[in-house]
Every structure is written in structure tokens, then in C-alpha cells.
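Geometric and topological summary
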Amino acid sequence: MMRLLSLIVFLLFTINLYALQLTFEEAKNMLLEKNNIIKSYKEETEASKYRFSQAQGHFFPKVDISETFVSSNEPGTAAFSKIAQGKFDMPYFMTKMADPNYVKNFETKIEIIQPILMQGKIYYGTKQAESSYKASLSILDGVKQEMIYNLVRAYYGKALAEKGVEVTEKSLERTKRYKAMTEDFYRNGLIVKSDLLVADSRLSLNEAFLSDAKKQLELSNSFLQRLLDIDEHIAIVWNDLGLNVDKDLDEYIKLAFENRQDLKAMESYLKVYEFENKKSKMSYWPEIAAFANYKMNDENLFGDSGKGFTIGAMVKFNIFSGFSDQNKISESKSNYLSFNYKLMDKKNEIKSEVKDAYYSVIAAQKKVESHKKSLEAAYSALQITENRFKEGLT
């Protein structure tokens, strides 16, 4: 039995010796660097940045190069291929046009298309992509804030769980001594068996409390390991964060409106809906684009029997589309108003959260002071009880 106890003590000492000791600041830096949720949102932010760059790319001209091969004895296609190659052979058209042999044609084309006015799709699409990117940055910062909040709960939760195990173990030791003393009193006829049963039940209850406390400690340690993405046992280095309520409630609400990243993200998304509404209103505007191409046609690949430039412009007017544009405008307006109402509700939610946190901190501070006084009273009561007990034994 003594060997087993010695082994347990040795193992506990070894675990604490090789545990990863972390101050809260060290844990926070590790969280920001290694947490998988933060990494995930960083990648989403990168993806949003690339979408913004894609949208900006639509302002630039589109350049394509293509190679097309055609072999046909269909009169129209064969004649067109001959014309494209610059071979205006009148005897051919007079004698073989009706039933030509197979004509081969390789067409090499370089084409440039420059959008000029595209019903606001490019301009407002870019604005939407930019607002979405800003929203993703705010969401990332908000996730970091949330993870730091979870870290505070996990870090100090583990510290409290360790204290809980320590206190429960001391209570168990005291209960064991109480039971041993009760058994001694029972053997000497000083108490009845019901008193002994009470001592047994208290011991069992204390053992159950210790099991629950150890379970809570393991859960706290596991949650902390998950946040930091590590497997090592973590030893808490207790320090005070120095957080105090030193401003009035209105100032904290103002700070929340200025710094809450989820609110900033919603404001950026509201811009997305606003730009969508503006873009839908431009659906009645014309689409204008300029284009230019250079073609080479020949019987051989990359030949240049027939070559030349073509330049032009395209203007398309939206005359009627079955009222879909009008309904699209109404839809985008409703989406904008709906999200604006959600934003206003979010501000009210933040106010409630700040009030709850503000008064909770004040109540917690008062509760700590009350517990300190209760602890002092408990020490005094314990001293009196121990003195009375000793006098009773005497």
C-alpha cells in the first residue's frame, strides 16, 4: 500500500514537473498563433481578398487567343473559308461552288474586349467585394476576441478546477479523520450506530465530490489544450488580469459600438446590400463595350494567307425583360431594409450584453468581498468549534 501511494505521489510530481507552464499572456500568444478556428477564418479572409482582386480585374480588358480548324465540303462554309483566306478565284466559284471538295481552314484569332459601361455590374460588384473583404477582416478580429474570451474562461477555469480538487482532497482527508474518530467513539460506546452511518455517508459524499472535481479539472485541461492545439499537460501560472470597472455604463456602451467586430462586420455587409440595390437600379442602363481582333486564315497551321484587323463597339439596350428588373430592384431594396433592421437590433443586443457584463462584474466584486468576510467568520467559527471540542474531550 505504501509503495502504491509513493508511486502516485511520484507520478503527480513528475506530471507537474514536466507540465507546460504558461502565463496568460503566453497562452494568448499561443492561441493567436496556433488555434485552428482562427487559422480557418484567416484562410476565409484570404479567399475574400482574392475575390476582391478578381472583381477589380473586370475593369481591365479581356485578351483571348484562339485557334480554330474547319474542314468542310458544304458550299457556304467552303466558300467562306476561301474568302477568309483571301482566295477570290472566280472560276472556282463559278464551277465548283455548287459541289466543292473539302476545304481546310486554320483560323488564328487574337481578340481584346474592353468593357466601358456594364450596367454597374463591374463597379458595384467591385464595391461589394471590397465591403465583403472588410467584413471578413472584422469577422476574423471578432473570432480572435471570442477565442481570447474562451481562453480566459478555460485558463482561469482550469486554475479554479485545480483549487477545487485541492480543497476537496483536504476535505476528504478531514472527513476520513472524522470517520476514524467516529469509529473510535462508537467502539467506546460514546455514540450510536446512526452517528457512524452519518460519518460513512459523509465520506462517500466527499469521495463523489472529489471525483466530480477531478473530472472538471480534466475537462478544463482538455478544453484549454483544444484552444491552444497542444497535447501537453498545462500548469497554470496564476496572475491577475487587472480588469476593473473604472468607467460609467454609457462609456462602455460607446466603446462596444466602436470596437465590437461583429457590429463592424454587419455594417460592412449592409454596404453590400446597399450596393446591390444601386446595381439593380442600373439594369435599365445600356451595356457598352469596345472590341478589337486580329485574324489569320490559311490552309496551314499559323499561316497568314488571309489576315486583318477588326475594331468595333457594342451597345445593348434593355428594353423589356418581363418585369424581372423591376422586381429585382424591389427585392434588393427589401433585402437592404431587412438587414438594416437586423443591424439596429444588433446594437440593442450589444447594449444588453454590455449592461449584463457591467452589472455582473459589480455584483461579482461585491460577492468576493462578501465571501472574504464569510471566510473570516468561518475561520473564527472553526477555531471556536475546535476549542469547544477539545474542552469536551477533556
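This report concerns the structure included in the present document. (Residues numbered from 1 in each chain as written. Predicted model: local features only at pLDDT ≥ 70, side-chain atom pairs only at ≥ 80, totals over all residues. Heavy atoms only, no water.)

**Thoughts on the pattern of salt bridges**
For side chains bearing opposite charge, pairing can occur when the charged atoms are close. Keep this limit in mind: For salt bridges, the criterion is a side-chain nitrogen of Lys or Arg within 4 Å of an Asp or Glu carboxyl oxygen. Strands here are runs of E lasting at least two residues and helices are runs of H or I lasting at least four, both read from the DSSP assignment and numbered beginning at the N terminus. Each residue's exposure class comes from its accessible area (1.4 Å probe, protein chains only) as a fraction of the maximum for that residue type: buried when under 20%, exposed when over 50%, partly exposed otherwise.
Considering all chains together, one arrives at 23 salt bridges under this definition. The shortest N-O distance in the salt bridge between Glu299 and Lys82 comes to 4.0 Å. Taken together, the residues Glu299 in the loop between strand S5 (287-298) and strand S6 (306-316) and Lys82 in helix H4 (residues 75-84) connect sequence positions 217 residues apart. Classification of Lys82 by relative accessible area gives buried; the value is 16%.

**Re the nonpolar core**
Quick note on the threshold: By nonpolar core we mean a set of buried residues, namely Ala, Val, Leu, Ile, Met, Phe, Trp, Tyr and Cys, connected to one another through side-chain atoms within 4.5 Å.
The biggest cluster of nonpolar side chains holds 20 residues, and the ones touching the most others in it are Leu31, Leu151, Tyr155, Leu224, Leu228 and Ile234. At the level of elements, helix H2 (24-34), helix H6 (121-187), helix H7 (193-228) and strand S4 (234-236) are the ones that each hand at least two residues to this core. Of all hydrophobic cores here, the second largest spans 11 residues; its members include Ile253, Ala256, Leu343 and Ile350.

**Topic: the packing of aromatic side chains**
Short version of the rule: We call Phe, Tyr and Trp rings a pair once their centres come within 6.5 Å, taking the six-membered ring for Trp, and we label the pair stacked below 30 degrees between planes, edge-to-face above 60, and tilted otherwise.
All told, the structure shown has 12 aromatic pairs when counted by the stated rule. The interplanar angle of 20° and the centroid separation of 6.4 Å between the aromatic rings of Phe52 and Tyr133 together place this pair among those described as stacked. Of this pair, Phe52 sits in helix H3 (residues 36-57) while Tyr133 is found in helix H6, placing the two residues 81 residues apart along the sequence. Ring geometry for Tyr155 and Tyr156: centres 5.1 Å apart, planes at 75°, overall edge-to-face.

**Considering the side chain of Lys109**
The condition is simple: We treat Lys and Arg as the positive residues and Asp and Glu as the negative residues; His and chain ends play no part in the count. Any pair of residues with heavy atoms lying within 4.5 Å of one another is described as a contacting pair.
Mapping Lys109 onto the fold places it in strand S3 (residues 103-118). Buried within the structure, Lys109 lacks any salt-bridge partner; its nearest side chain of opposite charge belongs to Glu111, at an N-O separation of 4.1 Å. Those residues within four positions of Lys109 in sequence are excluded, and the remaining contacts are Asp64, Ile65, Ser66, Asn293, Tyr294 and Lys295.

**A short note on the sheet that holds S3**
Paired through their backbone hydrogen bonds, the strands of a sheet run either parallel or antiparallel. Heads up, the condition is: In short, DSSP must find at least two bridges between two strands for them to pair. Only the stretch in contact is used when a helix axis is fitted, and all axes are lines through C-alpha atoms; the angle between N-to-C directions ranges over 0 to 180 degrees.
Strand order across the open sheet formed by 4 strands is S2-S3-S5-S6, with antiparallel pairing between neighbours. Only two strands of the sheet have a single partner each, and these edge strands are strand S2 (62-72) and S6. In this sheet, adjacent strand axes meet at a mean angle of 20° when their direction is disregarded. Along the sheet, H4 contacts S2, S3, S5 and S6; its crossing angle with S3, the most-contacted strand, is approximately 75°.

**As for the environment of Asn387**
Turning to its location among the elements, Asn387 is positioned in helix H10 (residues 324-393). Owing to a relative accessible area of 34%, Asn387 belongs among the partly exposed residues under this scheme. For the pair Asn387 and Phe223, spaced 164 residues apart in the sequence, the C-alpha separation amounts to 45 Å.

**Remarks on unusual backbone geometry**
Even without a glycine there, the phi angle at Gln119 is positive, about 60°. With respect to the element layout, Gln119 can be found in the loop between S3 and H6. Gln119 gets classed as buried once you look at its relative accessible area, which sits at 9%.

**Examining H3**
What counts here: Expected helix span is given by 1.5 Å per residue-to-residue step, counting one fewer step than there are residues. The arc in question is the one traced by the directions running from the helix axis out to the C-beta atoms. N or O atoms closer than or at 3.5 Å make up a polar contact, with two conditions inside protein: a donor-capable atom paired with an acceptor-capable one, and, for residues adjacent in sequence, both atoms drawn from side chains.
With 22 residues, H3 extends 32 Å from end C-alpha to end C-alpha; this agrees with the ideal 32 Å at 1.5 Å per step. Within H3 the residues assigned to the buried category are Ile38, Thr45, Ser48, Phe52 and Ala55. The arc that holds the buried residues of H3, viewed along the axis, is 90°, so those residues lie on one side. Residues of H3 that are exposed and angled more than 90 degrees away from the buried face: Glu43 and Gln54. For H3, the elements touching its buried residues are H2 and H6. In this structure Asn35 caps H3, since a side-chain oxygen of it lies 3.0 Å from the backbone nitrogen of Ile37.

**Overview of the pairing of S5**
As a general feature of sheets, a regular strand has side chains that alternate between the two faces. Across 12 bridges, S3 lies against S5 in antiparallel orientation. Its bridge partner being in S5, Gln114 is matched across the sheet by Ala290. For S5 and S6, the ladder comprises 11 bridges, and the chain directions are antiparallel. Looking at S6, one finds that Asn293 is bridged to Thr310.

**Topic: helix H8 (residues 249-259)**
Because each turn of an α-helix spans 3.6 residues, side chains separated by three or four positions in sequence point in the same direction. Of all the residues in H8, the buried ones are Leu249, Ile253 and Ala256. With its buried residues spanning 60° around the axis, H8 presents them on a single face. Turned more than 90 degrees away from the buried face of H8 sit Asp250 and Lys254, all of them exposed.

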